[in-house]
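What the coordinates show
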Amino acid sequence: MREASAPWSLLASHWEDLFPLRPARVEMALRLAPEGTRCLDAGCATGSLCRALAARGREAHGLDLEPAFLEAGRARAAAEGTPVVWHEAGLLDLARAAGDLRFRLVTCLGQTLPHLLEDAAWLDFFRQARSVLEPGGTLAVQVVSDAGLAVGAGRDLPPLRCGGGILARRRTRVSETEAAFETVFTADDGREARGRVRHRVMDPAGAAALLREAGLAPGGPWADESGAPFTAASAGWILAGVREA
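Residues numbered from 1 in each chain as written. Predicted model: local features only at pLDDT ≥ 70, side-chain atom pairs only at ≥ 80, totals over all residues. Heavy atoms only, no water.

Moving on to the packing of aromatic side chains. Two aromatic rings, taken as a pair, are described by how far apart their centres are and by the angle between their planes. Following the criterion strictly, the structure yields four aromatic pairs and no others. With 6.1 Å between their ring centres and 80° between their planes, tryptophan 122 and phenylalanine 126 make a pair best called edge-to-face. Residue tryptophan 122 and its partner phenylalanine 126 are located together in helix 7 (residues 119–132), separated by four residues, close to a single helical turn. Clustering of aromatic rings is evident, with ring pairs tying together Trp15, Phe19 and Phe69. (Phe/Tyr/Trp six-rings, centres within 6.5 Å; stacked < 30°, edge-to-face > 60°. Helix = DSSP H or I, 4+ residues; strand = E, 2+ residues; numbered from the N terminus.)

In C-alpha cells, the structure reads:
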C-alpha cells in the first residue's frame, strides 16, 4: 500500500506527541466494550488506545503491520505496567492473527482503513472482523472525508508540532476513488522522514453497504467519536457495524 516507505522508526518515537489520544476516542471504546471484555485495535500504531483500555479493565490487543510502532508500544506499555497483547499483522491478516480469540470490540480508526484501495479488500476486512467478533460485538471504523475535495485538487492540513520536530501534511484527490496523502516529518536534528500513501475515497453509504454485505448491521454515520451528526462539512466519519448473531 505504501508508495514510499518513511523511516517509521523516526516517527514512532514522536507518534503520540503528534497524534495524542483523544478522550472521546477512549470514551467511545469504553461504551462499546464493558469492563472485562476483549478489544482489538486494528492499525494500533504505538497502541495508545490499547493501553488506555487495558488500564480500564479491558483485555486489550493491538494489531499493526509496522514493527517500529509495535516496539514503541511495547516499551510504553512496559513502562506504564499496562498489559497489552501485540499482533504484527496487516488488516487482511486479522482473522489469522486473532486465531480462536473473539472480541467484543474491534476498532479501525484514524486513517488506517483507507489504505485498502479496493471495495473487495474492505469487504474482506469486514468479513474477517465479523468472524472474530462475539455475537453482539461491534466493529467501529473511521474514515477521513474527501467530499469537499475535487479531483485534481489538493489541500495542506495544519502542520503538527512536537518536542522533536514538525510534521507537514498534504492531501490530494487523484481520482474519483483515490486520494494521495503525503507527509514530511522534519526532526529538530535535521533528519527527515517522507511518506506518500494512496487512500481509498469512500463515503458512509458505500461503507455501510459493504458492512451489510459482510453480515454486520451498520449504525451511524457520526462525524467523530463523540457521536456528533455527520454532515457534508465533517472532516471524517465513523460507522459502527454490529454482529447480531
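Omega for the peptide link from glycine 220 to proline 221 comes to 10°, which places this bond in the cis form. Along the chain, the position of proline 221 falls in strand 11 (residues 217–222). Positive phi, normally seen in glycine, also occurs at alanine 45, with a value near 55°. In this structure alanine 45 comes out as buried when scored by relative accessible area, which is 10%. (Buried < 20%, exposed > 50% of the residue type's maximum accessible area, 1.4 Å probe, protein only.)

Looking now at the sheet that holds strand 2 (residues 38–42). Read across the sheet, seven strands follow the order 4-3-2-5-6-12-11 without closing on themselves; strand pairing throughout is mixed. Each having just a single partner strand, strand 4 (84–88) and strand 11 make up the two edges of the open sheet. The mean inter-strand angle of the sheet, taken between neighbouring strand axes irrespective of direction, is 15°. Sheet analysis places strand 3 (residues 59–64) next to strand 4, joined by five bridges and oriented parallel. Each bridged residue has a counterpart across the sheet, and for leucine 63 the counterpart in strand 4 is histidine 87. (Pairing = 2+ DSSP bridges. Axes fitted to C-alpha atoms, helices over the stretch in contact; angles between N-to-C directions.)

What follows concerns the environment of aspartate 146. Considering the arrangement of structural elements, one finds aspartate 146 in the loop between strand 6 (133–144) and strand 7 (154–162). Measuring from C-alpha to C-alpha, the distance between aspartate 146 and glycine 57 comes to 36 Å, with 89 residues separating the pair along the chain. Beyond its immediate chain neighbours, meaning those up to four positions away, aspartate 146 contacts Arg155, Arg171, Arg173, Ala179 and Val201. Side-chain polar atoms of aspartate 146 contact the side chain of arginine 171, separated by 2.7 Å. (Contact = heavy atoms within 4.5 Å. Polar contact = N/O pair within 3.5 Å; in protein donor to acceptor, adjacent residues only side chain to side chain.)

If you look at the biggest cluster of nonpolar residues, it comprises 32 residues, and the most contacted ones within it are Leu113, Trp122, Phe125, Phe126 and Leu139. Going through the elements one at a time, strand 2, helix 6 (94–98), strand 5 (103–108), helix 7, strand 6, helix 8 (204–213) and strand 12 (236–242) are the ones with two or more residues in this core. Looking at this core, the element that brings in the most residues is helix 7, giving seven residues. Those residues within four positions of phenylalanine 126 in sequence are excluded, and the remaining contacts are Leu113, Leu139, Val141, Ala207, Leu210, Leu211, Ala214 and Leu216. With 21 residues, the next largest nonpolar core counts Ala33, Cys39, Ala54 and Val84 among its residues. (Core = buried A, V, L, I, M, F, W, Y, C linked by side-chain atoms within 4.5 Å.)

Next up on the list: helix 3 (residues 23–32). Among the residues of helix 3, those classed as buried are Arg25, Val26, Met28, Ala29 and Leu30. Looking at the buried positions of helix 3, the neighbouring elements they touch are helix 4 (48–54), strand 5, strand 6 and strand 12.

Another point: the environment of serine 226. With respect to the secondary-structure elements, serine 226 resides in the loop between strand 11 and strand 12. At 2.4 Å, the side chain of serine 226 forms a polar contact with the side chain of aspartate 224. In terms of polar contacts, serine 226 uses its side chain to reach the backbone amide nitrogen of alanine 228, at 3.4 Å.

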